[in-house]
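Tertiary structure, described
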Amino acid sequence: MQDEWQCLSQEAGPDLKLFRARFDLMKNPRNGASERMLVLDSPDSVNVVPITTDGKIVFVRQYRFGIEDHTLELPGGIVDPGEGHEQGAIRELREETGGIALNWSYLGAIPSNPVFMNSYIHHWLAEGVSMSAQQELDTGEAVDVVAYPVEDVKNRLLEGSFQHPHTVNALLRYFSTQQLIK
């Protein structure tokens, strides 16, 4: 393995609402060249694979400004300051869908986008979900809640129907724990 990259300096960048930009001057161990690299500081996020009491997986359909289109994805969001990621998952499921779960299991975490972000997304499985609360959406959210049978979700996943990489990863983790992907 090559030597480690060396951070020569850090410069604060603009506040971008969900992120804070930072510029790190990094020295390449291969050739000694220095490059100014962008890093987005962000809190960790969560997403939830919610399984209802009748065996369906709950999704949210919402507009995503980056691709200027709607996506079908698992409920989730940024972990609030002082909140653990399990508490964030419980809160996000309730706020985005009105769902309350009987059982919670941790499915693991991955980097949000290791190319330029320093945060992780934590995946949670929520079982025994009932849609018994009211949605509590933020002012910038417009979310439709839909649910599909597990087998339908598996087929959609294998066909490449899901666009959000965090949803894809969480579903792969869920289905691998259930040994449903073969």
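Here the residue index of a chain counts from 1 through its sequence in written order. Residue-level local features of this predicted model are given only where pLDDT is at least 70; pairs of side-chain atoms are given and counted only at 80 or more, and the full residue set underlies all totals for whole chains, interfaces and linings. For side-chain calculations, the full set of non-hydrogen atoms in the structure is used, while hydrogens and water are omitted.

With that out of the way, let us pick up the packing of aromatic side chains. Put simply, two rings from Phe, Tyr or Trp (the six-membered ring, in Trp's case) pair if the centres are within 6.5 Å, and we call them stacked under 30 degrees between planes, edge-to-face over 60, tilted for the rest. Under the defined criterion, the tally for this structure stands at 6 aromatic pairs. Each ring, one from Phe59 and one from Tyr148, has its centre 6.2 Å from the other, and the planes form 55°; the classification is tilted. Here Phe59 is found in strand β5 (residues 56–64), whereas its partner Tyr148 is found in strand β11 (residues 143–149), with 89 residues between them in sequence. As far as the burial class goes, Phe59 and Tyr148 line up, both buried. Members of the aromatic cluster, connected to one another through ring pairs, are Phe59, Tyr148 and Phe162. Definition used: whenever NZ (Lys) or CZ (Arg) falls within 6 Å of the ring centre and also within 35 degrees of the ring normal, the charge is taken to sit over that ring. The ring of Phe23 has Arg36 sitting right over it, with the charged end atom 3.8 Å from the ring centre. Positioned over the ring face of Tyr148 is Arg156, at 4.0 Å from the centre of the ring. Segments assigned H or I by DSSP are reported as helices when at least four residues long, segments assigned E as strands when at least two residues long, and all are numbered from the N terminus. Buried means the residue's accessible area, taken with a 1.4 Å probe over protein chains only, is under 20% of the maximum for its type, while exposed means over 50%, and partly exposed covers the values in between.

By the convention used here, strands pair only if DSSP detects at least 2 bridges between them. Taken in spatial order, the 3 strands line up as β1-β2-β3 in an open sheet, and their pairing is antiparallel. The open sheet is flanked by β1 (6–15) and β3 (34–41), the only strands paired with a single partner. Strand-to-strand twist in this sheet, taken as the mean axis angle between neighbours without regard to direction, amounts to 25°. Relative to β3, strand β2 (residues 20–27) runs antiparallel, the two being bridged by 8 bridges. Paired with Phe23 across the two strands is Leu38, which belongs to β3. For every element, the axis is a line fit to its C-alpha atoms; helices are fit only across the contacting stretch, and the angle between N-to-C directions ranges from 0 to 180 degrees.

Turning our attention to helix α2 (residues 150–159). Among the residues making up α2, those that are buried are Val150, Val153, Lys154 and Leu157. Burial along α2 is one-sided: seen end-on, the buried residues are contained in an arc of 100°. Gly160 sits one or two residues past α2 and shows a positive phi near 80°. Picture the helix axis, draw a direction to every C-beta atom, and the arc is the one those directions span.

This part is about a nonpolar patch on the surface. A grouping of Leu38, Val115 and Phe116 is seen on the molecular surface, where their side chains present a nonpolar patch of about 270 Å² in accessible area. The residue Leu38 is located in strand β3 in this model. Note that patches include only residues with greater than 30% relative accessible area and no salt bridge, and the join distances are 9 Å for like charges and 5 Å for nonpolar side chains (Val, Leu, Ile, Met, Phe, Trp, Tyr). We get accessible surface area from the Shrake-Rupley algorithm with a probe of 1.4 Å; when it comes to residues, only the shown protein chains can shield them. Any carboxyl oxygen of Asp or Glu that lies within 4 Å of a side-chain nitrogen of Lys or Arg is treated as forming a salt bridge with it.

The next point concerns helix α3 (residues 165–178). Any helix carries an expected span of 1.5 Å times its number of residues minus one. Under the 1.5 Å per step criterion, the end-to-end length of α3 is 20 Å for 14 residues, consistent within 8% with the ideal 20 Å. His166, Thr167, Asn169, Ala170, Leu171, Tyr174 and Phe175 are the residues of α3 that are buried. Note on contacts: a residue pair qualifies if any of its non-hydrogen atoms lie within 4.5 Å across the two residues. Of the surrounding secondary structure, the elements contacted by the buried residues of α3 are β4 (45–52), β5, β6 (69–73), β9 (103–111), β10 (120–131) and α2.

Time to look at unusual backbone geometry. In this structure, Lys17 takes a positive phi of about 70° despite not being glycine. With respect to the element layout, Lys17 can be found in the loop between β1 and β2. At Glu68, a position not held by glycine, the phi torsion is positive, near 55°. With respect to the helices, strands and loops of the structure, Glu68 is situated in the loop between β5 and β6.

Before going further, it helps to spend a moment on the pattern of salt bridges. All told, the structure shown has 11 salt bridges when counted by the stated rule. Its salt-bridge partner being Asp80, residue Arg91 comes within 3.2 Å of it at the nearest N-O pair. Within this pair, whereas Arg91 is found in helix α1 (residues 85–97), its partner Asp80 is found in the loop between β7 (76–78) and α1, the two being separated by 11 residues in sequence. Exposure remark for Arg91: the relative accessible area of 10% places this residue in the buried category. Residue class for Asp80 comes out partly exposed when judged on its relative accessible area of 34%. With its nearest N and O atoms 3.4 Å apart, the salt bridge here joins Asp152 to Arg156. Highlighted residues: Asp152 and Arg156, both in helix α2, separated by 4 residues, approximately one helical turn.

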